[in-house]
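Inside the fold
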Amino acid sequence: MPHWALDLLPPELRQGIHQTRGMVQPLLPDAWRYRHEPVPAEVLPVTAANWSLARRALYERVHADRPHTFYCGCRYDGDLRVDLGSCGLESLVTESRALRVEAEHVFPASWFGQSRRCWQEPERYEACRSASGRTLSGRECCQRVDPGFLAAHNDLHNLYPSVGYINGRRSNYDWGRVFWFGDRYGDCEIRISRWLRRAEPPDAAKGSIARTMLYMRDTYGFRLSRWDERRYYAWNNQYPPDAWELERNLRIKAIQGLGNVYVESWRMLP
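To start, this report covers the structure provided alongside it. (Residues numbered from 1 in each chain as written. Predicted model: local features only at pLDDT ≥ 70, side-chain atom pairs only at ≥ 80, totals over all residues. Heavy atoms only, no water.)

So, the overall build of the protein
Filter applied, for reference: Working definition: helices are DSSP H or I runs of at least four residues, strands are E runs of at least two. Numbering for both runs from the N terminus. We call a residue buried when its accessible area falls under 20% of the maximum for its residue type, exposed when it is over 50%, and partly exposed in between, using a 1.4 Å probe and counting protein chains only. Every residue pair with non-hydrogen atoms within 4.5 Å of one another is taken to be in contact.
Counting secondary structure elements, the protein contains twelve helices and eight strands. Here the protein holds 270 residues, and the buried ones make up 49% of them. Sequence-distant contacts, at least 24 apart, represent 64% of the contacts inside the protein between residues at least 6 apart.

Regarding empty space enclosed by the protein
The test is simple: In this analysis a 1.4 Å probe is tested at points of a 1 Å grid over the protein atoms alone, and where it fits but cannot get out there is a cavity; an open set with protein on both sides within 12 Å along at least five of seven lines is a pocket; lining residues have an atom within 4 Å of a point. Grid points are joined across faces, edges and corners, and a volume is the space filled by probe spheres set on the points. When residues are sorted by character, Ala, Val, Leu, Ile, Met, Phe, Trp, Tyr, Cys and Pro go into the nonpolar class, Asp, Glu, Lys and Arg into the charged class, and all the rest, Gly among them, into the polar class.
This structure, assessed with the given rule, holds two cavities of 30 Å³ or more. Taken as a whole, the largest cavity spans an internal volume of roughly 80 Å³. His157, Tyr160, Ser208, Thr212, Glu245, Arg248, Asn249, Ile252, Asn260 and Val263 are the residues that line the largest cavity. Elements with a contribution of two residues or more to the lining of the largest cavity: helix H9 (203-220) and helix H11 (243-256). For the lining of the largest cavity, the element with the most residues is H11, which contributes four residues. Residue composition of the lining of the largest cavity, grouped by class: three nonpolar, five polar and two charged.

Here we look at the pairing of strand S3 (residues 101-105)
Using the following cut-off: One requirement defines pairing of two strands: DSSP has to find at least two bridges between them.
Extensive coverage of S3 is indicated by the burial of five of its five residues. Taking every second residue as pointing to the same face, both faces of S3 are buried, with Val101, Ala103 and His105 on one and Glu102 and Glu104 on the other. Bridge count between S3 and strand S4 (residues 159-163): five bridges; the pairing is antiparallel. By the bridge assignment, Glu102 is partnered in S4 with Ser162.

What about the packing of H9 against helix H10 (residues 226-238)?
What describes two packed helices is the angle between their axes and the distance between those same axes. Just so we agree on the cut-off: Axes, fitted as lines to C-alpha atoms, cover a helix only where it is in contact. Angles between the N-to-C directions of the axes lie from 0 to 180 degrees. Angle categories: roughly parallel below 35 degrees, roughly antiparallel above 145, roughly perpendicular from 65 to 115, and oblique for all the rest. Definitions for this section: a left-handed crossing has its near helix turned counterclockwise from the far helix by less than a right angle. A right-handed crossing has that turn clockwise.
Interaxial distance between H9 and H10 falls to 8 Å at its minimum, and their mutual angle equals 130°. When the axis of H9 is compared with that of H10, the two are oblique. Of the two elements, H9 crosses H10, and the hand of that crossing is left-handed. Every residue of H10 that contacts H9 at Lys206, Gly207, Ile209, Ala210, Arg211, Met213, Leu214 and Arg217 is listed here: Glu229, Tyr232, Tyr233, Trp235 and Asn236. For the contact of H9 with H10, the class distribution of residues is seven nonpolar, two polar and four charged.

Here we look at the nonpolar core
Stated formally: Nonpolar cores were defined as sets of buried Ala, Val, Leu, Ile, Met, Phe, Trp, Tyr and Cys residues, with membership established by side-chain atoms within 4.5 Å.
Formed by 59 residues in total, the largest nonpolar core has its most connected members in Tyr71, Leu89, Ile166, Trp175 and Ile209. The greatest single-element share of this core, amounting to eight residues, is contributed by H9. When near neighbours in sequence (up to four residues on either side) are disregarded, Trp175 contacts Tyr71, Val106, Arg170, Ile190, Arg198, Ala199, Pro201, Ile209, Met213, Arg231, Tyr232 and Trp235.

Considering the environment of Gln256
The topology assignment puts Gln256 in helix H11. A sequence separation of 101 residues divides Gln256 from Asp155, and the C-alpha atoms of the two residues are 8.1 Å apart. The contact partners of Gln256, leaving out residues within four places of it in the chain, are Pro45, Val46, Thr47, Asn154, Asp155, Leu156, His157 and Tyr215.

As for helix H6 (residues 138-145)
Taken together, the buried positions of H6 are Gly138, Cys141, Cys142 and Gln143. Packed against the buried residues of H6 are helix H3 (51-62), helix H5 (117-120) and helix H7 (147-153).

Side note on the state of the cysteines
Convention followed: Two cysteine sulfur atoms form a disulfide, by the criterion used here, when they sit within 2.5 Å.
Within the structure shown, the criterion is met by four disulfides. Sulfur-sulfur distance for the disulfide between Cys118 and Cys142 comes to 2.1 Å. Here the S-S torsion is close to 100°, and the disulfide linking Cys118 with Cys142 is therefore right-handed. Of this pair, Cys118 sits in helix H5 while Cys142 sits in helix H6, and the two are 24 residues apart along the sequence. Each member of the pair, Cys118 as well as Cys142, is classed as buried. Each disulfide in the protein links cysteines that, numbered along the sequence, combine into the pattern 1-8, 2-3, 4-7, 5-6.

Focus: the layout of surface pockets
Any space left empty among the atoms is revealed by the rolling of a water-sized probe across them. Roughly 480 Å³ of volume is contained in the second largest pocket. Around the second largest pocket sit 27 residues that line it, and Arg66, Phe70, Ala204, Ala205 and Trp244 are the ones nearest its centre. Elements that contribute at least two residues to the lining of the second largest pocket include exactly S4, strand S7 (188-193), H9 and H11. Residue contributions to the lining of the second largest pocket peak at six residues, all from H9. Partitioning the lining of the second largest pocket into residue classes produces 13 nonpolar, six polar and eight charged.

Quick look at the structure:
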């Protein structure tokens, strides 16, 4: 089945196809197998100790002189209030979440959280209870008890300023083509399909997204399907890093100690 046809299938059918391929893959020659090794724990990036500090670093250090949202290019002020008129999103003025900036995970946190015990069963952890005895959410619990999750969750390479409403609509959908199934929001070029559970970013963001997804795969050992890898390789090749992406990487590397090799040593991928 060609890649574009697979993109049109609902997530349940695509998952079944990926599982079938996963059973066949061990029978293929080594050159066809999916391989990568995560960065050893001792050289993982030094990310913020909590979500509040990660957000502050993103807004006040990485994007301090670049107050524009990632997908739509909206300007925002020091109080993280979005100027919807600066990016053609005036139609969202009645949506309260559209008026604020949020830090979005390009590689969704639920993708690397939902398979962890702390995400699935937070009630099993004493540390995952509030002072009042309330059990924390799976995300909050994993931030407390799982250092690997905490590092990935707060990694600035994976965080971008986003209009809150767009962040909410994108949810934890994957990236790819949506064709005519996607909804548009004002002049913003992102398309989001609830039916396909997929978002197609603007061309200007595709390269950055691809290099972010590949960085998260390599750094934390997260899995991507071979079809997703092919998409990200193509986006990387078609949209090389611009001056701002290179500068952003340098700023994050200065904070966390580890840069994104797909940005700083960009090359065409096979």
